[in-house]
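Below, each chain spelled out in residue letters.
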Amino acid sequence: MSVEGWGCVSVCRRMSENGAIIASASLVCKTFFLYVENMGKLCKVSRSGMGWVCYTGSFLDVNGGERMQLPIRMVILGAGDRGRTYAAYAKAYPDEVKVVGVADINPAASGAVAQAHGLGPEAVWGDWTEAVAARPECDVMAVTMPDALHVEPAIACLDAGYHLLLEKPMGRSWAECERLAAKVHEKGDRLVILGHVLRYTVYFRKLRELIAAKAIGDVVSIQHLEKVAYMHAAHSFCRGNWGNTERSSPMILQKCCHDFDQFVWWLGKRCTGVSSFGNTFLFNAAHRPEGAAARCLECPATVERACAFSARKIYLERQDYRYPFVDKSDAAMLKMLREGPYGRCVYACDNDAVDHQVVNLRFEGGVTVAHQMESFTYSGGRETKIFGTRGEIVGDGRTLKIHHFDTRTTELWDSVLEAGAPQGSGHGGGDFGLMDELVRQLTECDPADYREVFDVSLESHRIAFAAEASRRANGALMLAD
Ligand SMILES: NC(=O)c1ccc[n+]([C@@H]2O[C@H](COP(=O)([O-])OP(=O)(O)OC[C@H]3O[C@@H](n4cnc5c(N)ncnc54)[C@H](O)[C@@H]3O)[C@@H](O)[C@H]2O)c1
């Protein structure tokens, strides 16, 4: 480690001894600056999920000695909801990340990002291939295009020497994932961080920390409920981009790879057995109410008013589900309901995504996990119970109750009261938490560890493909050791 590196460590130590400084600063901001005497310079100090870290204004690549300058320069390939979300981090933390280019086949989408980030026409492309071919001067490519456009762009970006923020799923088949994994391992020193945003939330980081610290002894089993929420299910997994498996990918891959990633991340073990059941229970023609029209705007009022999934209710009357759209005006919503996929009756779509699925998992050492993906919940989120040899953790997505068998006591931990890590963004703070982690990885971490960041994601995908194969084979055991 360099002199600068040791300077950082000594700052951390002094800060730790002076709890008052940490506490007062962390409550109000994510980062602040300190003058470090022995380095004779200003250090930027920030709190990442793992604790306090210090930056020195310019950064040291501990492996190759190459400096990663701040802000990290990022090009967005796919300026949709995810691309704009990650780009928003650059607006919030301009000293850390700068958006230097955008590619999207939809000029309105790329234009919105270009305008927000002050990009000239030379930094705006149409198809992603044009952007990669232009070899823009940047550090990271964010691949945030639809599921079918992940593997090829990722491989092309790695070949061009870029680090990657790659949206999940990494591939739509296990063969695609293996092909990408071979490339990631071949490149070695390129960071490939998947959009597994849950990993980087304060809440799930705490859960992992408790497990690692053996707060409840050894984990024996986990019960995990993934609440999709009925409106989200109708929007994304029936009418929307992920309703049709052929066009996107199986529900258990696209939605639950986050959860499988968590299990692998928490346990640090490989999965040895998978069995799964699930189907499209409600969103099919058999459940279409008598007299229902193919589009909600044309549906008789008697049918439409009684329908929980009415597009008129969701997009026109309520404003709260407009976030995925670039143009959120009433006029745009009306046009979209008349002509677009989101105006369709949920019982007359081309969907085949399952709306509920249970997956039983066995991990090395006999740890078991019962995972349930459920569309028919009032709100979204995750609820988790972790059963250990010395206690139990009960999590509702915000708070954790840690019950100890030996003392028969319970601790309560509330993520909202935690200071420091970014919590204001979507996915419980995970969207910005992921960007924060990207910066941390590229500026502080040893590239030798990049592989683990990717390989946990790879294992989550392996589980998801096995679960889908099991579901299709009526619950047959897959991945058995
Ligand atoms: N990590 C998460 O929690 C999370 C959440 C939602 C979606 N996702 C994943 O993120 C990805 C993007 O999802 P989204 O909701 O942003 O979708 P989106 O449709 O809003 O955005 C995708 C964008 O890619 C653009 N695009 C399509 N083909 C292109 C091409 N050839 N070249 C350049 N741009 C192209 C589209 O025009 C669109 O603007 C998906 O794979 C999805 O599964 C991840």
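See the structure printed just above.
Residues numbered from 1 in each chain as written. Predicted model: local features only at pLDDT ≥ 70, side-chain atom pairs only at ≥ 80, totals over all residues.

Asks: Sorry, what's going on with the site of the ligand here?
Replies: Close to the ligand lie 26 residues; Gly 78, Gly 80, Arg 82, Glu 167 and Gly 195 are nearest. Among the elements that take part in the shell around the ligand, helix α3 (residues 81–92) stands out by supplying three residues, more than any other. By residue class, the composition of the shell around the ligand is ten nonpolar, nine polar and seven charged. For the shell around the ligand, the domains that each give at least three residues are domain 2 (67–197) and domain 3 (198–281 + 352–472). (Near = placed C-beta within 6 Å. Helix = DSSP H or I, 4+ residues; strand = E, 2+ residues; numbered from the N terminus. Nonpolar A, V, L, I, M, F, W, Y, C, P; charged D, E, K, R; others polar. Domains from an automatic or database assignment.)

Asks: Where do I start with the packing of helix α6 (residues 151–159) against helix α7 (residues 174–187) in this structure?
Replies: Packed helix pairs are characterised by how far apart their axes lie and by the angle those axes make with each other. Closest axis-to-axis distance for the α6/α7 pair is 10 Å, and the angle between their directions is 10 degrees. In terms of orientation, α6 lies roughly parallel with respect to α7. As for how α6 packs across α7, the hand of that crossing is left-handed. Contacts between α6 and α7 pair Val 151, Ala 154, Ile 155 and Leu 158 from the former with Glu 176, Arg 179, Leu 180, Lys 183, Val 184 and Lys 187 from the latter. (Axes fitted to C-alpha atoms, helices over the stretch in contact; angles between N-to-C directions. Parallel < 35°, antiparallel > 145°, perpendicular 65-115°, else oblique. Left-handed = near helix turned anticlockwise from the far one by under 90°. Contact = placed C-beta atoms within 7 Å.)

Asks: How should I be thinking about the nonpolar core in this particular structure?
Replies: Most often, soluble globular proteins have nonpolar side chains that are buried together. Core analysis: the largest hydrophobic core is formed by 119 residues, its most contacted members being Met 74, Ile 76, Leu 77, Ala 142 and Leu 164. Top element by residues in this core is helix α16 (residues 450–472). It accounts for eight residues. In this structure, Leu 164 is in contact with Val 140, Met 141, Val 143, Ala 154, Cys 157, Leu 158, Arg 190, Leu 191 and Val 192, ignoring residues within four places of it in sequence. (Core = buried A, V, L, I, M, F, W, Y, C linked by C-beta atoms within 7 Å. Buried ≥ 20, exposed ≤ 12 C-beta atoms within 10 Å, placed from the backbone.)

Asks: Any chance you could explain the sheet that holds strand β7 (residues 97–103) here in plain terms?
Replies: Adjacent strands of a sheet form backbone hydrogen bonds with each other and so pair up, either parallel or antiparallel. Taken together, six strands build an open sheet; the order of strands is β8-β7-β6-β9-β10-β11 and the sheet is parallel. The sheet terminates laterally at β8 (124–125) and β11 (192–194), the two strands that pair on one side only. As defined by bridge partners, strand β6 (residues 72–77) adjoins β7 across six bridges and the pair is classed as parallel. Residue pairing in the sheet places Arg 73 in a bridge with Lys 98 of β7. (Pairing = 2+ DSSP bridges.)

Asks: How should α7 be read in this particular structure?
Replies: Each full turn of the α-helix corresponds to 3.6 residues, which orients residues three or four apart in the same direction. In this model α7 runs 20 Å from its N-terminal to its C-terminal C-alpha over 14 residues, within 8% of the 20 Å that 1.5 Å per residue would give. Close packing links the buried residues of α7 with α6, β11 and α16. Phi turns positive one or two residues past the end of α7, at Gly 188, with a value near 65 degrees. (Expected span 1.5 Å × (residues − 1).)

Asks: I'm lost on helix α15 (residues 430–444) in this one. Help?
Replies: Given a rise of 1.5 Å per residue, 15 residues ought to cover 21 Å, and the 20 Å separating the end C-alpha atoms of α15 matches this to within 8%. Where burial is concerned, most of α15 is hidden: twelve out of the 15 residues are buried. Listing the buried residues of α15 in full gives Gly 430, Asp 431, Phe 432, Gly 433, Leu 434, Met 435, Asp 436, Glu 437, Leu 438, Val 439, Leu 442 and Thr 443.

Asks: What's the story with the packing of helix α11 (residues 257–267) against α16 in this structure? I'm lost.
Replies: It is at 8 Å that the axes of α11 and α16 come closest, and there the two elements cross at 125 degrees. Here α11 lies oblique to α16, going by the angle between them. In this structure, the crossing between α11 and α16 has a hand that is right-handed. Judged by residue contacts, Cys 257, Phe 260, Asp 261, Val 264 and Trp 265 of α11 engage Val 456, Ser 457, Glu 459, Ser 460, His 461, Ile 463 and Ala 464 from α16. In the contact of α11 with α16, the residues fall into seven nonpolar, three polar and two charged.

Asks: When you look at the pairing of strand β14 (residues 356–363) in this model, what are you seeing that I'm missing?
Replies: It is a general feature of regular strands that their side chains alternate between the two faces of the sheet. Here strand β13 (residues 271–279) pairs with β14 via eight bridges, running antiparallel. From the neighbouring strand, Gly 273 faces β14, where its bridge partner is Arg 362. Pairing between β14 and strand β15 (residues 368–374): seven bridges, direction antiparallel. Bridge assignment links Val 359 to a residue of β15, and that residue is His 371. The antiparallel hairpin formed by β14 and β15 contains four residues in its connecting segment, where Gly 365 sits at a positive phi of about 80 degrees.

Asks: Just to check I follow, could you spell out the environment of Asp 414 for this structure?
Replies: Along the chain, Asp 414 turns up in strand β19 (residues 409–414). Sequence separation between Asp 414 and Lys 206 is 208 residues, and the spatial gap between their C-alpha atoms is 9.9 Å. Excluding anything up to four places from it in sequence, Asp 414 contacts Arg 398 and Thr 399.

Asks: What is the right way to read unusual backbone geometry from this model?
Replies: The general pattern is negative phi for most residues beyond glycine and trans for most peptide bonds. Going from Leu 70 to Pro 71, the amide bond is cis rather than trans, its omega being -5 degrees. Relative to the elements of secondary structure, Pro 71 occurs in the loop between β5 (67–69) and β6. Here the residue pair Lys 168 and Pro 169 is connected by a cis peptide bond, since its omega of -10 degrees sits within 30 degrees of zero. Here Pro 169 shows up in the loop between β10 (163–166) and α7. With phi around 60 degrees, Asn 474 is a residue other than glycine that occupies positive phi space. On the basis of neighbour counts, which here come to 9 C-beta atoms within 10 Å, the residue Asn 474 falls in the exposed class.

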